[in-house]
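Geometric and topological summary
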Amino acid sequence: MIRILESILWSLAIILLIGGGLYFTCNLKLIQFNFIEMFRSFKHKENSKITPFKSLTMALAARIGVGSLAGIALAIYNGGPGTIFWIWLSGIITSSNSFAESLLGIKYRVKDDDVHKGGPSYYIDKGLNNKKLAKVYAILIILAYIIGFMTIQANTISKSINDYTGINPLIIGIILAVITAISIFKGVKSIANITSFLVPVMGIVYIALSIYILIANIEKIPYILYEIINGAFNVNTFKFGIISSFIIGIQRGVFSTEAGLGSGSIASSTTDDNNGVKIGLIQVLGIYFTTFIICTSTAFIILTSDYLNINFQNINGIEITQYALNYHLGNLGIIILIFSIISFAFSTIISGYYYGESNLKYLYKNINTTHLNILKVITIILLIIGSVINSSIIWKLVDIFVALMAIINMYSLLKMRNIVKKEVMSYKSNKNLL
């Protein structure tokens, strides 16, 4: 029953994500390819509390979680190398959705003490004038991130460390919960500061590692590229009743980049900059970085190994990546992976918590500190639970939540397409750019 529901929801979600992405790509005249303006958009005021760069790293922190390590591994394991092609293509097409949602996030955000808060709940309410749908989305975000995404991160951290060191997952979960508590009790500015440090560091280390492995296996690259293209268009993968490489590729691509889910606009709304077009372009750059650098690095690390010779049980996905790195680098690869997992997953946890908090504040306008502290305690407890439960259960829940978020957000973006177009036209006339 759950599998049937998941298939139906994802069929509709993919139609809206790809259809909406193609619409915004054409209607906004390939705006996601204006790389010069993307890099210009990072300029900010000197006294900014949360700069566009910090808001980008917060969004990247949520995106570059274990979805970029475990999720990509699962995509390859279940759908073959061809899934990577569809992840690339969906990244390009759906990045225009990310632009639109970030623009609307800036336009309809509100003040939260001395910072801003926004995202789909706010622009569905104020831009679409649909409070009921906005509340449904807010509830979904809380469920998806506090219960789903964050517990997956905890599960992946505990599983990878346990496999290598033998430390009890419960102990690992408790340590992770304590560290998370210290971070989230300090507020959004602290979260932005942490992610602005962690994301560049973890990105540089992971990219350097990937480049080394690619150079060491350079002779395998042409064959891998052939496998990716051939697998993507192999008609045998499209049999009725079997989840194809296309579906899995789009699904995992959306899971990794979050383009079209609306969640990235929650992070981008925190910046002090008021220009929605600039912030939208910066978020597009984040989609490309996640898709073509981090996710592709993971894919090539796995595909240059002999991962198909191993039979994995109770699969999370991370054990495939872990095996591939051990294959290439021995124990050093495992150590680097554990460092990457902790960095990626922890940054996702604290960003994901903020997404949940922001939407709880939307649901309860006069929420007090006590209620927020209750959310923080629940989050900490769920991290401990997530470190010890079966990962397949979490993945199924997250896939359903993500599909529902995509459907609601893409419906809303398309309903507000004329507002997006108007904002872009205004920016073009003022700057004579794009």
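Residues numbered from 1 in each chain as written. Predicted model: local features only at pLDDT ≥ 70, side-chain atom pairs only at ≥ 80, totals over all residues. Heavy atoms only, no water.

1. A look at helix α14 (residues 318-329)
This is how the line gets drawn: A helix here means a DSSP run of H or I that spans at least four residues, while a strand means a run of E at least two residues long, and both kinds are numbered starting from the N terminus. Helices are assigned an expected span. That span is 1.5 Å times one less than the residue count. Think of it in three bands: with a 1.4 Å probe and only protein chains considered, a residue is buried below 20% of the maximum accessible area for its type, exposed above 50%, and partly exposed in between.
Between its first and last C-alpha, α14 extends 16 Å over twelve residues, near the 16 Å set by a 1.5 Å rise per residue. The element α14 is extensively covered by neighbouring structure, given that nine of its twelve residues are classed as buried. For α14, the complete set of buried residues consists of I318, E319, I320, T321, Q322, A324, L325, H328 and L329. Two residues or fewer after α14 comes G330, characterised by a positive phi angle close to 70°.

2. As for the packing of aromatic side chains
The line we're drawing: Stacked, tilted and edge-to-face are the three classes applied to pairs of Phe, Tyr and Trp rings, where Trp contributes its six-membered ring and a pair requires centres within 6.5 Å; stacked means planes under 30 degrees apart, edge-to-face means over 60, and tilted covers the rest.
Taken as a whole and assessed by the stated rule, the structure comprises six aromatic pairs. A centroid spacing of 5.3 Å and a plane angle of 70° characterise the contact between Y122 and Y362, whose relative ring orientation is edge-to-face. In this pair, Y122 sits in helix α6 (residues 120-126) while Y362 sits in helix α15 (residues 331-363), placing the two residues 240 residues apart along the sequence. Note on Y362: relative accessible area 3%, which makes it buried.

3. Considering the packing of helix α8 (residues 169-184) against α15
For clarity, the threshold we go by: In this description, a line fitted to the C-alpha atoms serves as the axis of each element, helices being fitted only across the stretch in contact, and the angle between N-to-C directions of two axes falls anywhere from 0 to 180 degrees. Each angle is binned into one of four classes, with values under 35 degrees roughly parallel, values over 145 roughly antiparallel, values of 65 to 115 roughly perpendicular, and all other values oblique. We call a crossing left-handed when the near helix sits turned anticlockwise from the far one by less than a right angle, and right-handed when that turn is clockwise. Here a residue-residue contact requires only that any non-hydrogen atoms of the pair lie within 4.5 Å. Basically, the charged four are Asp, Glu, Lys and Arg, the nonpolar ten are Ala, Val, Leu, Ile, Met, Phe, Trp, Tyr, Cys and Pro, and anything else, Gly included, counts as polar.
Remark: α8 packs on α15, axes separated minimally by 10 Å, with the N-to-C direction vectors making an angle of 50°. On the basis of their axis angle, the class for α8 and α15 is oblique. The handedness of the crossing between α8 and α15 comes out as right-handed. Judged by residue contacts, L176, I179, T180, S183 and I184 of α8 engage F346, I349, I350 and Y353 from α15. Looking at the contact of α8 with α15, its residues break down into seven nonpolar, two polar and no charged.

4. Quick look at the pattern of salt bridges
Oppositely charged side chains can form a pair if their charged atoms are brought close together. What counts, and what does not: Salt bridges are identified by distance alone: a Lys or Arg side-chain nitrogen within 4 Å of an Asp or Glu carboxyl oxygen.
Counted under the stated rule, the structure contains three salt bridges. A salt bridge links K107 to E423; the nearest nitrogen and oxygen atoms lie 3.0 Å apart. With K107 in helix α5 (residues 82-107) and E423 in helix α18 (residues 417-431), this pair connects stretches of sequence that are 316 residues apart. When its relative accessible area of 27% is taken as the criterion, E423 is described as partly exposed. Between K361 and E357 there is a salt bridge whose closest N-O contact spans 3.3 Å. Of this pair, K361 and E357 are both found in helix α15, four residues apart, which corresponds to roughly one turn of the helix.

5. Here we look at the environment of L103
Here L103 lies in helix α5. The buried category is assigned to L103, whose relative accessible area is 1%. C-alpha of L103 to C-alpha of G280: the two residues are 177 residues apart in sequence and 5.3 Å apart in space. For L103, the residues in contact, after removing those within four places along its chain, are G276, V277, V420, E423 and V424.

6. A closer look at the packing of α15 against helix α16 (residues 369-386)
For the pair α15 and α16, the least separation of the axes is 11 Å and the interaxial angle reads 145°. Between α15 and α16 lies a crossing of right-handed hand. Along the contact surface, α15 presents I349, Y353, G356, E357, L360 and K361, while α16 presents L372, L375, K376, T379 and L383. A per-class count over the contact of α15 with α16 returns six nonpolar, two polar and three charged.

7. Here we look at unusual backbone geometry
Positioned with a positive phi, K29 is a non-glycine residue whose angle comes to about 55°. Considering the arrangement of structural elements, one finds K29 in the loop between α1 (2-27) and α2 (35-40).

Everything listed here is a matter of geometry and, on its own, says nothing about what the molecule does.
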